[in-house]
Amino acid sequence: MAAELGHFALILAFCLTLPQAFFGLMGAHWRRPHWIALANRAVAGQWVFTLFSFACLSYVFYHNDFSVLYVAQNSNSELPTFYRFAAVWGAHEGSLLLWMLVQATWALGVAAFSGNMPQQMTSRVIGVLGVISAGFALFILLTSNPFLRLWPAAPDGRDLNPLLQDPALAIHPPMLYIGYVGFSVPFAFAVAAMLEGKLDSLWARWVRPWATVAWMFLTCGIALGSWWAYYELGWGGWWFWDPVENASFMPWLIGTALIHSLAVTEKRGLFKSWTLLLSITAFSLSLLGTFLVRSGVIESVHAFASDPGRGLFILAFLCVCVGGALGLYAWRAPLFRSNAGFAPVSRESFLLFNNILLVAATVVILIGTTYPMFMDAFGLDKVSVGPPYFEAMFLVPMLPMVFLLAPGMHAAWKKASFESIKKTLGVLLVVALVLALAVSVGAYGWNSVMTIVGLTAAFWVAGASLVDPINRWRNGHSLPASIIGMSVAHFGLALFIIGATTVESYKKETDLSLKPGQTTEHAGFEFTMTKLEDVAGPNYQAVQSEVVITRNGKQVAVVHPQKRVYRVQKNAMTEAGIDAHWHRDLFVAMGEPLGGDAWSLRLQYKPMVRFIWFGAAIMALGGLIAICDRRYRKRVTVDESAAAAAGAKTA
Amino acid sequence: MLKYLLPIGLFTVLAGFLYFGLGRDKQTLPSPLIGKSAPIFELARLDDPSKSFSNSELAGKPYVVNVWGSWCVGCRQEHGALLEIARRGEVPIVGLNYRDDRDQALNWLQQLGDPYVVSAFDDEGRAGIDWGVYGAPETFLIGANGKVLKKHVAPITVEIWEQEFVPLLPQAKAGSP
Amino acid sequence: MKQLFLAAILTFFGLQAFAIDTAPAFEDPALQARYERLARELRCLQCRSETIADSNAQLAADLRRQLRELMAAGKSDEEIKTYMTDRYGDYVLYKPPVTGRTLLLWAAPALLVIGGVIVAVIVISRKSKLPDTDPADPGLGAS
């Protein structure tokens, strides 16, 4: 019963996306306030029904209703309750319903928080969001329905993929989706501005918090995925440049460019075309990512569904949304040319380079990810493009960008003079170099020039990002949230770079065989396997070993890696034993039993690896702080703003 | 002015490629061996470990090599087709028993029938690597001149044999491409 | 019971994303490092999205063995890669070879950055000649 109710609710939700789209867009176009009000009601209604539909799906999972095909494919009676809920979005159909729910929630958010913006604009935004929701609803109803029944009902389910039975992986998709879908809001704002034929700095002020929140969630979602892969997959890697990972990273890079470009449009009324294009591209890349993962076009260990039929639908949807928006861009963008300029050395210049280099990096990743497909389409050899390519090529645009970041942060608008700051920056650069040498050569030993370069850049950015807040605080100047947020976010980036550079330069791993009672040495630590025992979990059976780690005779840690076999799907999974510290991880993973109680083990020493995710978290925190800035909560009307800007001096 | 058309232009190109990419078969790898001389293997015979067999013994005549294993579900699926192809007697089929257990493999042939003139026992998979085997079952057609004319990955059917292999038989028999 | 369970683990192939090398490592650490690097550059053709270093598949183990034997026989990196591509095609290399066909792939990053810098220079030179502010939209200024 619940499945049918859920299905029906979804149909109703779809029906409501249509008036949302129609009345939202036409109500603004023909200036009919009644229609606009109807659109707002449609948003609320659509959200309610989507939520109900999602709740029904959760209900059937919770109650182990194996007469629902999707539940039978992704759950099991022995699956712990928490993961029964996570299983709702564990595969293609359910994850799309989650997407729809997140999409509806964002639309509701726009409708609710649009007090400061003209109704004309928000109505169009809601209309565009309605079109997007309609597309997804249709996609689910026509090709990917999670409510299909299975008669006769399965006695039990196929179980959730054991890889997904993990708390981090339970929240990773929702976080990612909030990010992906969140970029539909700037996208909708861009389309709205193009339809209206008006794009000004006030528009940028409205859009900026929305873009920043989406970016924050995407940052967290990607970091969670990376962290999960590290401790769950057993090989200690944190990024594999897998097509699906790239599909999440590309919108992030463009999103980063977007929030910076929005800053220029807000403050100076410049970069309008850039901002417009970036707004469109960020969400387009989200949609492209969805396409890549679900159509079978690209091989990936993450790929959800390899169904060309579904792929065709998404591709068509992609063409309508992205093609439509870019067509609008070709038509309207010339309208938005600004007649103002800036000096060659100025904040605008730096941010121009920022935009360009981030876009270049995104294109590099796009080319690398789709190249195999291009080659195949032309009937040429199949090639593989993997980590060796991406790791090297990604740095080509990114390294210059990181070095431009430290001076860029201190460049003034319109015309920058580095007179007052260049000594400080110079000193910080030298300090950074010294620190880099101390950390690398001093603490770990020489690795390569790139290690020094990477660490120097990171330390320089870290130092530079603290200069402004500290100066302001010391001189009693105002320290608005936006400045703090910017510094925190850049500092977080520096931490990330320190983590990534150090761990990749100095990690040590080894494979060996060990049995209870044996000790081995690795990276300056001694590892002793003390025992091996059987352990039973709720839906798995495991062999657990206890490994004691010592250094110079003193005990450092005791870890308990496991090798699990999940009873239903019968996959073997490794649960690594990790001793985590702020400055290094020790990682022990069990491989295969070698006979006579001996097991093959992989031991890894990972210095500074936690900084990777800690840095990402700090970046997201910076974003959060920035949107708390007072100016987003002030109600600014169009007239007030023009007067203020005309009279005020821009810093 | 033109620069504003660039984004939609690029997108159209991308969309075109994606559309193309949809229909393609992702699983099959093209074989670099086509047109080259078939790798020579010399392995113990499956039925008699004391005797060895090498495909060089078949030089001057076309033959088919079928990579199989008793552990392989697809091989079971295609077995009937192989028996039929063997029955037609156009070309001899040599089996390459890949990464298998000798007893289990012999049992399998006994239960299901043996379409092979002989099966070579490649338990370590070394010959498989030379032939670029990545997923059994795989079927190769070798010409009389020793060159690889065709490779088919996945279970073979009589239709596939008739549509894709049989047309190549004259070329295979002629001995020169 | 433990026997049965061990048998279960040994028999069933896992979804785990890495393989542990049970063969002894090379005595020479430089050689071992080279082996590990090469293993990371070769794709496992059974578990397509993994390197032979990480994959659990039988073919990956076989190819690792082959790699080890080739290295022990003194073959160079080039020779080893050619050995693999002769049998499996360019697809087996995770680092695509620099050929005419992959030229665009390898040149793209540098070209993009250079192109980007040129665009930036053009835009900046144009913008530096324009007045400070556009009266139509002077911007909202600093916070």
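Please refer to the structure higher up on the page.
Given the structure is predicted, the values throughout are model-derived calculations rather than measurements. (Residues numbered from 1 in each chain as written. Chains lettered and ligands numbered in written order. Predicted model: local features only at pLDDT ≥ 70, side-chain atom pairs only at ≥ 80, totals over all residues. Heavy atoms only, no water.)

> Please explain the overall build of chain B as it appears in this structure.
Check the secondary structure of chain B and you find six helices and seven strands. In sequence order, chain B lays out its α and β elements as α-β-β-β-α-β-α-β-α-β-β-α-α. The globule rule puts the C-alpha radius of gyration for 177 residues at 16 Å, and the 20 Å found for chain B is more than 25% above it. Projected onto its principal axes, the C-alpha coordinates of chain B cover approximately 80 × 35 × 30 Å. The contacts in chain B between residues at least 6 apart in sequence include a share of 70% that link residues at least 24 apart. Only carbon and sulfur atoms are counted for the fraction: they give 56% of the accessible area of chain B, which is about 8,200 Å². In chain B, 17 positive and 20 negative side-chain charges are present, and the distance between their average locations comes to 9 Å. (Helix = DSSP H or I, 4+ residues; strand = E, 2+ residues; numbered from the N terminus. Rg over C-alpha atoms; globule rule 2.2 N^0.38 Å. Contact = heavy atoms within 4.5 Å. Areas by Shrake-Rupley, 256 points an atom, 1.4 Å probe, with all protein chains shown as cover. Lys, Arg positive; Asp, Glu negative; His and termini not counted. Charge placed at Lys NZ, Arg CZ, Asp CG, Glu CD.)

> Help me out: how do you make sense of the overall build of chain C in this one?
Helix and strand counts for chain C come out as five helices and zero strands. Along chain C, from the amino end to the carboxyl end, the secondary structure elements read α-α-α-α-α. When burial is assessed residue by residue, chain C has 50% of its 143 residues classed as buried. Counting contacts in chain C only where the partners sit at least 6 residues apart, residues at least 24 apart contribute 53% of the total. (Buried < 20%, exposed > 50% of the residue type's maximum accessible area, 1.4 Å probe, protein only.)

> How should I be thinking about the packing of helix H10 (residues 243-268) of chain A against helix H11 (residues 272-295) of chain A in this particular structure?
Describing two packed helices takes the angle between their axes plus the distance from one axis to the other. Residues and elements named next belong to chain A. One can describe the packing of H10 onto H11 by two numbers: an axis separation of 8 Å at closest approach and a directional angle of 165°. Comparing the axis directions of H10 and H11 gives the class roughly antiparallel. In this structure, H10 crosses over H11, and the sense of that crossing is left-handed. Note on element contacts: H11 touches H10 through Lys272, Trp274, Thr275, Leu278, Ser279, Thr281, Ala282, Leu285, Ser286, Gly289 and Val293, opposite Val244, Ala247, Met250, Pro251, Ile254, Ala257, Leu258, Ser261, Leu262 and Thr265. When grouped by side-chain class, the residues that make up the contact of H10 with H11 number 13 nonpolar, seven polar and one charged. (Axes fitted to C-alpha atoms, helices over the stretch in contact; angles between N-to-C directions. Parallel < 35°, antiparallel > 145°, perpendicular 65-115°, else oblique. Left-handed = near helix turned anticlockwise from the far one by under 90°. Nonpolar A, V, L, I, M, F, W, Y, C, P; charged D, E, K, R; others polar.)

> Could you clarify how one ought to interpret the interface of chain C and chain A in this entry?
Put simply, an interface is often sized by how much accessible area is lost when its parts join up. Across the boundary between the two partners, chain C contributes 62 residues, which contact 87 residues of chain A. Taken together, the two surfaces of chain C and chain A that pack against each other cover about 6,400 Å², and 65% of this comes from carbon and sulfur. Here chain C and chain A share one salt bridge between them. Scanning the region where chain C abuts chain A turns up nine residue pairs in polar contact (both at pLDDT 80 or more). Per-element accounting of the side of chain C that touches chain A gives the leading share, 16 residues, to helix H5 (residues 103-127) of chain C. For the side of chain C that touches chain A, the per-class residue count stands at 34 nonpolar, 13 polar and 15 charged. (Buried area = accessible area lost by both parts, 1.4 Å probe. Salt bridge = Lys/Arg side-chain N within 4 Å of Asp/Glu carboxyl O. Polar contact = N/O pair within 3.5 Å; in protein donor to acceptor, adjacent residues only side chain to side chain.)

> What is the right way to read the interface of chain C and chain B from this model?
If you look at the interface, chain C gives 18 residues, while chain B gives 17 residues. Surface buried jointly by chain C and chain B totals about 1,400 Å² across both partners, of which 46% is contributed by carbon and sulfur atoms. Scanning the region where chain C abuts chain B turns up three salt bridges. Two residues, Arg87 of chain C and Asp130 of chain B, come together in a salt bridge whose shortest N-O distance is 2.8 Å. The element best represented in the side of chain C that touches chain B is helix H3 (residues 58-72) of chain C, accounting for seven residues. Classifying every residue of the side of chain C that touches chain B gives six nonpolar, five polar and seven charged.

> How should a nonpolar patch on the surface be read in this particular structure?
Residues and elements named next belong to chain A. Side chains of Leu433, Leu437, Val441, Trp446 and Val449 sit close together on the surface and give an oily, nonpolar patch of about 470 Å² of accessible area. With three residues, helix H15 (residues 422-444) is the single largest residue contributor to the nonpolar patch. The class for Trp446 is exposed, based on a relative accessible area of 55%. (Patch = residues over 30% accessible without salt bridge, like charges linked within 9 Å, V, L, I, M, F, W, Y side chains within 5 Å.)

> Which parts of the structure should I look at to understand helix H2 (residues 33-62) of chain A?
Owing to its 3.6 residues per turn, the α-helix brings residues three or four apart onto one side. Taking 1.5 Å of rise per residue, the 30 residues of H2 of chain A would be expected to cover 44 Å, and the 43 Å separating its terminal C-alpha atoms lies within 8% of that figure. Directly beyond the C-terminal end of H2 of chain A, a positive phi value near 55° is found at Asn64 of chain A. (Expected span 1.5 Å × (residues − 1).)

> Any chance you could explain empty space enclosed by the protein here in plain terms?
Taking a probe equal in size to a water molecule and rolling it over the atoms shows the remaining empty space. Residue and element names in this part refer to chain A. Per the counting criterion, the structure on display carries three cavities of 30 Å³ or more. Contributing to the lining of the second largest cavity are Gly135, Phe136, Phe139, Thr290, Phe313, Ile314 and Phe317. At the level of elements, helix H6 (119-143) and helix H12 (308-332) are the ones that each hand at least two residues to the lining of the second largest cavity. When residues of the lining of the second largest cavity are sorted by domain, at least three fall in each of domain 1 (1-165) and domain 2 (176-418). (1 Å grid on protein atoms, 1.4 Å probe; cavity = no way out; pocket = protein on both sides within 12 Å on 5 of 7 lines; lining within 4 Å. Points joined across faces, edges and corners; volume = space filled by probe spheres on them. Domains from an automatic or database assignment.)

> Mind showing me how you'd approach the state of the cysteines here?
What we call a disulfide is simply a covalent bond connecting the sulfur atoms of a pair of cysteines. Going through the model one piece at a time under the given rule, you end up with one disulfide over all chains. Linked covalently through their sulfurs, Cys72 of chain B and Cys75 of chain B form a disulfide whose S-S length is 2.3 Å. Its torsion about the S-S bond being 90°, the disulfide of Cys72 of chain B and Cys75 of chain B is classed as right-handed. Classification of Cys72 of chain B by relative accessible area gives buried; the value is 4%. In this model Cys628 of chain A remains outside any disulfide bridge; the closest cysteine sulfur is found in Cys220 of chain A, 14 Å from its own. (Disulfide = S-S within 2.5 Å.)

> Looking at this structure, I do not really get the side chain of Glu138 of chain B. What am I missing?
Residues and elements named next belong to chain B. The residue Glu138 is located in strand S6 (residues 138-142) in this model. Within the structure, the side chain of Glu138 is placed 3.0 Å from the backbone nitrogen of Gly135, a separation counted as a polar contact. Setting aside residues up to four positions removed in sequence, Glu138 forms contacts with Val65, Asn66, Val67, Gly132, Val133, Lys151, His152 and Val153.

> Mind showing me how you'd approach the nonpolar core here?
Generally speaking, nonpolar side chains in soluble globular proteins are found buried as a group. Formed by 199 residues in total, the largest nonpolar core has its most connected members in Ile132, Phe187, Phe189, Trp203, Leu287 and Leu288 of chain A together with Leu18 of chain B. Sorting elements by how many residues they give to this core places helix H9 (residues 201-232) of chain A first, with 17 residues. Ignoring anything within four residues of it in the chain, the contact list for Phe189 of chain A reads Met117, Met121, Val125, Trp203, Trp206, Val207 and Trp210 of chain A. In this structure, Phe140 of chain B together with Ile52, Leu59 and Ile80 of chain C belong to the second largest nonpolar core, which totals 47 residues. (Core = buried A, V, L, I, M, F, W, Y, C linked by side-chain atoms within 4.5 Å.)

Limitation: the analysis is restricted to geometry and does not speak to function.
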